[in-house]
Amino acid sequence: MSASREGHGQGYGLLQLVTFTLGNEEYAVDILKVHEINRMKEITKVPNAPSYVEGVINLRGKVIPVVNLRERFGFERKRSDEHLRIMIMEVSGITMGLIVDSVSEVLRISSDIVEPPPPMSTGIGTEFINGIAKLEDRLIILLDMDMLFGRTETIAMIEAQTKALE
């Protein structure tokens, strides 16, 4: 698992995660991949970008592609509200923004409570899932963002950035 780990001993480790929601599901990513979390801002559309690429934003002078994670997962679009956030992350060597329904918390969990994904978990495909964390009152799906955005998506992000700069 690529999540940030602390601790000592065989099989023991703490995972540091940022949790967020899409619909009724809760997801988590490695905290080390998350640079910052922003409120929604104006997004500039980029022609001929894949449908899940909302466009680009100007973040302190740098053009950042923004992906609607609901769209990427094939979920129904959500109307903008005060909870929507853009998580600025490093994915496959590219700084990008991911639109999520809300950001929940920074969480530290023991790696012992993470199980491998079942063969048919959610509609996004298990190749993107590092595991499922079993907390007392909920399950959290741990995502591997580098697997979620493979080579094809990475090329699309670079093209979106380039088009925005032209």
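Thresholds applied
- Residues numbered from 1 in each chain as written.
- Predicted model: local features only at pLDDT ≥ 70, side-chain atom pairs only at ≥ 80, totals over all residues.
- Heavy atoms only, no water.
- Pairing = 2+ DSSP bridges.
- Helix = DSSP H or I, 4+ residues; strand = E, 2+ residues; numbered from the N terminus.
- Axes fitted to C-alpha atoms, helices over the stretch in contact; angles between N-to-C directions.
- Buried < 20%, exposed > 50% of the residue type's maximum accessible area, 1.4 Å probe, protein only.

## A word on the sheet that holds strand β4 (residues 34-39)
Working step 1: Read across the open sheet, the five strands follow the order β4-β7-β8-β6-β5; overall the sheet is mixed. Looking at the sheet topology across the chains shown, the edges are occupied by β4 and β5 (53-59). Neighbour-to-neighbour, the strand axes of this sheet turn through a mean angle of 30°, independent of strand direction.
Working step 2: One ladder, built from three bridges, connects strand β6 (residues 62-68) with strand β8 (residues 94-100); its direction is parallel. Bridge pairing links V67 to L98 in β8.

## Focus: unusual backbone geometry
Working step 1: Phi at N48 is positive, roughly 60°, even though this residue is not glycine.
Working step 2: Relative to the elements of secondary structure, N48 occurs in the loop between β4 and β5.
Working step 3: One non-glycine residue, R60, lies in the positive phi region at around 50°.
Working step 4: One can find R60 in the loop between β5 and β6.
Working step 5: A relative accessible area of 67% means that R60 is categorised as exposed.

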